Structure formats: C-alpha cells, structure tokens
Amino acid sequence: MILDAASAGAFTAMMKPIINETFIAHNASFGLYLPLAIVGLFIVRGLATFLSDYGMARAGRSVVRDLRQAVMTKFLLLPSARFDREPVAMLVSRLNYDTEQVSQATSESIKNVITDSLIIIAQLAVMFYNSWRVSVVLVVVAPVIALISFYVSQRYRRLNRKIQEGVGQLAHSAEEALSAQQEVKIYGAQAAETRRYQDLADKNLSLSMKVEATRASASSVVQLVAAVALAIILLVAGREAIAGRMSAGAFVALMLAMMAMLPSLKRITNVQSSVQKGIAAAERLFSVLDEPSEADTGTQPLVRARGEIEFRDVGLRYERQNSESLTGISFRAAPGTVTAIVGRSGSGKSTLIRLLPRFYEPSTGTVLIDGVPIRITG
Ligand SMILES: Nc1ncnc2c1ncn2[C@@H]1O[C@H](COP(=O)(O)OP(=O)(O)OP(=O)(O)O)[C@@H](O)[C@H]1O
Ligand SMILES: [Mg+2]
C-alpha cells in the first residue's frame, strides 16, 4: 500500500520536470528518460496494487469463511427453543449476508482507509512541495466544496428514497383498486379510488420536482464554488509565478496532485457507512457465537436402550406461550410393546415425543428411560 501511494505521488511529482524540461526548456536528453520512467513507475504501482488487493482479498475472504464455519457450527449446537425465536430464513441470511458485510468492512474498508490516506498524504506532499501558498488556498477551499456536495447528496438521497416509497404506494393503490374493480363498482367508489390515486400521483410529481431542483441547483452551485476556487488559485499562482517561485511544471503537478486526490477523498468519506454496517453485522454474528449452547450435562451414555419409557406428571409450557401444552402426563410404555398416542391436532402429541430426545425440557415432572431420569440435575 505504501508503494502504491508513493508511486501515485511520484507520478504527479514527475509532471513538473516533464513540463519544464520538455515543453519549456526543450531539453532533448529528457525525451526518452521520462517516458520510460513513467512506464517503470506503473510497473511498480501495478505490482503493488496487485499484492495489496490480493492480500486484503485473501484476508477478507478468510474472515468470511472462518465466520461461516464458526456460526454454522454454533447454529447446530443451539437449543431447539432458540429456533422458535427466529425463523430459519433469518439464520441463513446471517450466514450469507452478515458474514459478507463483515468481510467488506474488514478488508475493503481497511484497505481503502490505509491506501487512500497514504495517497492523500503523498499528493498533499507533492502539492506543498511545489507551492505551499497555493496549496494552503486549496486546502481551505476544498472542504467548502465538499460540505456543499455532502449536504446536496444527503438531501438528494432522502428525497429519492421518498420517491421510491411513493412509487410503491402508487402501484399498490392501483393494484388494490383494479384487482377489486367489481367491488369498487358495486359500491360506486370509482371517484374515491381515483382521487386516492391522483393524490399519490400529485405527491410523486412534487417530489420528483424537488429532486430535480436539488440536483440542478446543486451542480450549478458546486460548479460556481469550484470556479471561484479556481479563480482564487489562479490569482495566487499567478503572483507566485511572477515572483519567480512557481514554474509551469510545478503548477501542473500541483493541480494534477489535487485531482488525483479527489477519488481517494471520496472513498474515504464513504468508508464510514460500510464500516458501520460491518460493525452491526459483526455484532449480530458474535451475539450468536456468544449464545449458550444446548446444555450437555449427561454422565451416563446410553448404548442400547431396553426401551422402557415413563412419564411422571410431566408438564410443558413453551417459551412465550400463555398456556401449558402438556399438563400432568403420566404413563409407562413397557419395552417390546406398542403405545399409541391419540389426540386432536394441537393436543400435544409431537410435543410429548420431543421431550424424549430433550429437544425441550419439561417444565414439571420427570421423563425416565429404562428407569433413569433423562435429566440429571444437581
Ligand atoms: N415450538 C413451539 N413453540 C411454541 N408452541 C408450540 C411449539 N410447538 C407446538 N406448540 C404448541 O403446543 C401445542 C401442542 O402442539 P403439538 O404440535 O404438540 O400438537 P400435535 O398434537 O402434534 O398436533 P398435530 O396433530 O397437528 O401434529 C399447540 O398449542 C401448539 O401451538
Ligand atoms: Mg404433531
């Protein structure tokens, strides 16, 4: 990453000798040397970019793999009651989606923060080296432009989201009225339905106009601010040039360094949201990993059961259920006999059987296999 940033800085810094020697001094000896240096620089930069991309991708994908393995292992250790609390689709989405988000934050964002900060530092160094006075002007003006465009893009995004919601409502309203067209006609509600649709369409229009107004005025405001900034820069740079402190090459190098910095600045300001998402996803994943596993306190292995099952006054109430699903169940199923469990749907047959492998623990009473309570307490 350091090499990457350093060669980016070296490239803009080279603009000064290129312009000064080739175009102004007409120095023939530079003719071959500088173009070759550019190729060399980009070979170095290409290698550096490849290595840092590859390394960070490897780290990020390994994070995804490790998290997936760890979370999947944990899922299968969680008690059955845990699966009543959250639908399986949510669990699968954690496995697929949350892990990706964490990887994004750990590799992509970290890589961007480091590389882009280094690039910004390198380009700032080039700028200040070429003329600190002009650079100071730029450093003061740039945040103003950044603030304006930040404010505008926020507003734009907010309005756009509202428009999308509005389009959804519009479609929903049309679908509702059309699919129930017979009812609408029976009740003579055409006028009411049309009015509802018209209101939504009106709202959509005014929102669209707001978005367009924001976008159009924003781009002209940003352009105006940028033009003012450029004018100030030219003013300062012109004075520097007249004072003999700045050559044409230095000016070009400085402007190029500034432009080369912009994509990095943009990425670095956007990185925060991806880091936030990654942190939220990591919190969800680690809360799963930190959950208690199903208790396994048994001491007596059951190699081959005789098959005697006894329920003694067993009762069960599921978590977050108001009433008991089983109350006062007592019976003995002798080995080698068949026991039929008969009852209405919802009377608790499946619940009864789930107690045998201890998917759920009875709230009261004891279940015994071959005369041994399946739950050893104390
Ligand atoms: N995982 C669960 N979490 C909460 N309540 C549950 C759960 N499983 C079942 N119940 C409730 O426990 C009661 C008994 O359900 P159970 O599934 O044991 O009935 P069943 O006799 O097997 O019914 P069916 O004949 O339809 O299979 C029902 O009121 C049901 O709503
Ligand atoms: Mg059942």
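For the structure itself, look to the data block above.
The structure displayed is predicted, hence computed values, not measured ones.

Re the overall build of the protein
Then step 1. Scanning the protein for helices and strands turns up nine helices and four strands.
Then step 2. Its helices and strands taken in sequence order, the protein reads α-α-α-α-α-α-α-α-β-β-α-β-β from the N to the C terminus.
Then step 3. Relative to a compact globule of 378 residues, whose C-alpha radius of gyration would be 21 Å, the protein shows 35 Å and is clearly more extended.
Then step 4. With respect to the three principal axes, the spread of C-alpha positions in the protein is 105 × 70 × 30 Å.
Then step 5. The proportion of buried residues among the 378 residues of the protein is 30%.

Here we look at the environment of Ile-374
Then step 1. Along the chain, the position of Ile-374 falls in the segment after strand 4 (372-373).
Then step 2. Sequence separation between Ile-374 and Arg-158 is 216 residues, and the spatial gap between their C-alpha atoms is 58 Å.
Then step 3. Among residues more than four places away in sequence, those in contact with Ile-374 are Leu-355, Leu-356, Arg-358, Val-367 and Ile-369.

Regarding the site of ligand 1
Then step 1. Residues in contact with ligand 1 amount to 14 residues; listed here are only the nearest, Gln-321, Ser-345, Lys-349, Ser-350 and Thr-351.
Then step 2. Separating an oxygen atom of ligand 1 from a side-chain N or O atom of Ser-345 is a distance of 2.6 Å.
Then step 3. Protein coverage of the free-state accessible area of ligand 1, which is 630 Å², stands at 65%.
Then step 4. Per-element accounting of the shell around ligand 1 gives the leading share, four residues, to helix 9 (residues 349-354).
Then step 5. Of the residues belonging to the shell around ligand 1, the class tally is two nonpolar, eight polar and four charged.

As for the environment of Arg-317
Then step 1. Looking at the element boundaries, Arg-317 is found in the loop between strand 1 (309-316) and strand 2 (326-333).
Then step 2. For Arg-317, a relative accessible area of 44% gives the class partly exposed.
Then step 3. A sequence separation of 98 residues divides Arg-317 from Ser-219, and the C-alpha atoms of the two residues are 63 Å apart.
Then step 4. At 3.4 Å, the side chain of Arg-317 and the backbone oxygen of Gln-321 are in polar contact.

A word on the sheet that holds strand 3 (residues 364-369)
Then step 1. If you trace the four strands from one edge of the open sheet to the other, you get 2-1-3-4, paired in antiparallel fashion. Of all strands in the sheet, those bounded by a partner on one side alone are strand 2 and strand 4.
Then step 2. Strand direction decides the pairing type here: strand 3 and strand 4, joined by two bridges, are antiparallel. Within strand 4, the residue paired with Ile-369 across the bridge is Val-372.

Parameters and conventions
Residues numbered from 1 in each chain as written. Chains lettered and ligands numbered in written order. Predicted model: local features only at pLDDT ≥ 70, side-chain atom pairs only at ≥ 80, totals over all residues. Heavy atoms only, no water. Helix = DSSP H or I, 4+ residues; strand = E, 2+ residues; numbered from the N terminus. Rg over C-alpha atoms; globule rule 2.2 N^0.38 Å. Buried < 20%, exposed > 50% of the residue type's maximum accessible area, 1.4 Å probe, protein only. Contact = heavy atoms within 4.5 Å. Near = heavy atom within 4 Å. Polar contact = N/O pair within 3.5 Å; in protein donor to acceptor, adjacent residues only side chain to side chain. Areas by Shrake-Rupley, 256 points an atom, 1.4 Å probe, with all protein chains shown as cover. Nonpolar A, V, L, I, M, F, W, Y, C, P; charged D, E, K, R; others polar. Pairing = 2+ DSSP bridges.

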